[in-house]
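Each chain, letter by letter, is given below.
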Amino acid sequence: MDYREILHFWFSELKPGQWFRQSNRTDTRIRTRFFDVWQAATRGELAGWRGNISGRLAEILVLDQFSRNLWRRDARAFTQDGMALVLAQEALRQPDFGALGRVRRNFILMPFMHAESAVIQAQALRLFDIPGNEQTLRTARQHHFLIAQFGRYPHRNAVLGRDSTPGELDFMARESFAFMKRPSG
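Because the structure is predicted, anything quoted here is derived from the model rather than measured.

Draft legend 1. A look at the packing of helix α1 (residues 3–13) against helix α3 (residues 24–42). Two elements in contact, α1 and α3, have axes separated by 11 Å at closest approach and are oriented at 155°. Compared by their axis directions, α1 and α3 come out roughly antiparallel. You can see that α1 and α3 cross each other, and the crossing is left-handed. Contacts between α1 and α3 involve E5, I6, F9, W10 and E13 from the first element and R29, I30, R33, F34 and V37 from the second. Its residues placed into classes, the contact of α1 with α3 shows six nonpolar, no polar and four charged.

Draft legend 2. Region of the structure containing the environment of L160. Mapped onto the elements of the fold, L160 is located in helix α9 (residues 157–160). The partly exposed category is assigned to L160, whose relative accessible area is 30%. Each C-alpha atom, one on L160 and one on R43, is 22 Å from the other, the two residues being 117 residues apart in sequence. Excluding its chain neighbours within four sequence positions, the residues that come into contact with L160 are A75 and F78.

Draft legend 3. Local environment of the packing of aromatic side chains. Throughout the structure, instances matching the rule amount to 16 aromatic pairs. Aromatic pair F9 and F66: ring centres 6.1 Å apart, planes at 85°, arrangement edge-to-face. Note that F9 is positioned in helix α1 and F66 in helix α4 (residues 53–70), a separation of 57 residues in sequence. Taken as a pair, F9 and F66 share a single burial class, namely buried. Between W38 and W71, the ring centres sit 5.7 Å apart and the planes meet at 55°, which makes this aromatic pair tilted. Remark: W71 occurs in the loop between α4 and α5 (81–91) and W38 occurs in helix α3; sequence separation between them is 33 residues. Owing to a relative accessible area of 8%, W38 belongs among the buried residues under this scheme. For W71, a relative accessible area of 12% gives the class buried. An aromatic cluster of at least three residues, connected via ring pairs, comprises F9, W10, F11, W19, F20, F34, F66 and F107.

The rules behind these values
Residues numbered from 1 in each chain as written. Predicted model: local features only at pLDDT ≥ 70, side-chain atom pairs only at ≥ 80, totals over all residues. Heavy atoms only, no water. Axes fitted to C-alpha atoms, helices over the stretch in contact; angles between N-to-C directions. Helix = DSSP H or I, 4+ residues; strand = E, 2+ residues; numbered from the N terminus. Parallel < 35°, antiparallel > 145°, perpendicular 65-115°, else oblique. Left-handed = near helix turned anticlockwise from the far one by under 90°. Contact = heavy atoms within 4.5 Å. Nonpolar A, V, L, I, M, F, W, Y, C, P; charged D, E, K, R; others polar. Buried < 20%, exposed > 50% of the residue type's maximum accessible area, 1.4 Å probe, protein only. Phe/Tyr/Trp six-rings, centres within 6.5 Å; stacked < 30°, edge-to-face > 60°.

What follows is the structure, encoded as structure tokens:
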């Protein structure tokens, strides 16, 4: 498969409102069309896509976003986060990174937001703090808050087999950031 098929699907076939809304329909579309590509990405077989920033973006989408769609409510949703983060860190040094539009730039940087690391979260805040990016920066601040408060994402505990602390349980009972909500149809 060509990386342009990933970009066309994500940025043309899906609407922005579908990117983060939990939907069985979208998850099924991704599983049906891209599961083999996801498997290839997890084995490092898409390295040829990294020759330009668009190919690198497509690989990050597959590892970071598609993993969450393919493995919702399953620990496998997060297994590719490290690889996606390394690709995103390397993308910052690519000469064509600066030419990306805001939306595509945000998706290359999304692995920074998903990391359970205070150091990486501090970097995410700086990277997402650009004019016109207020909504994404607000979400990055929510992610940063959780890592600063708990050192991890409490809403991942159950699927990752981690025990929640009393503070995490209390927080999850009274707070609900959009990315922590339960799935819908």
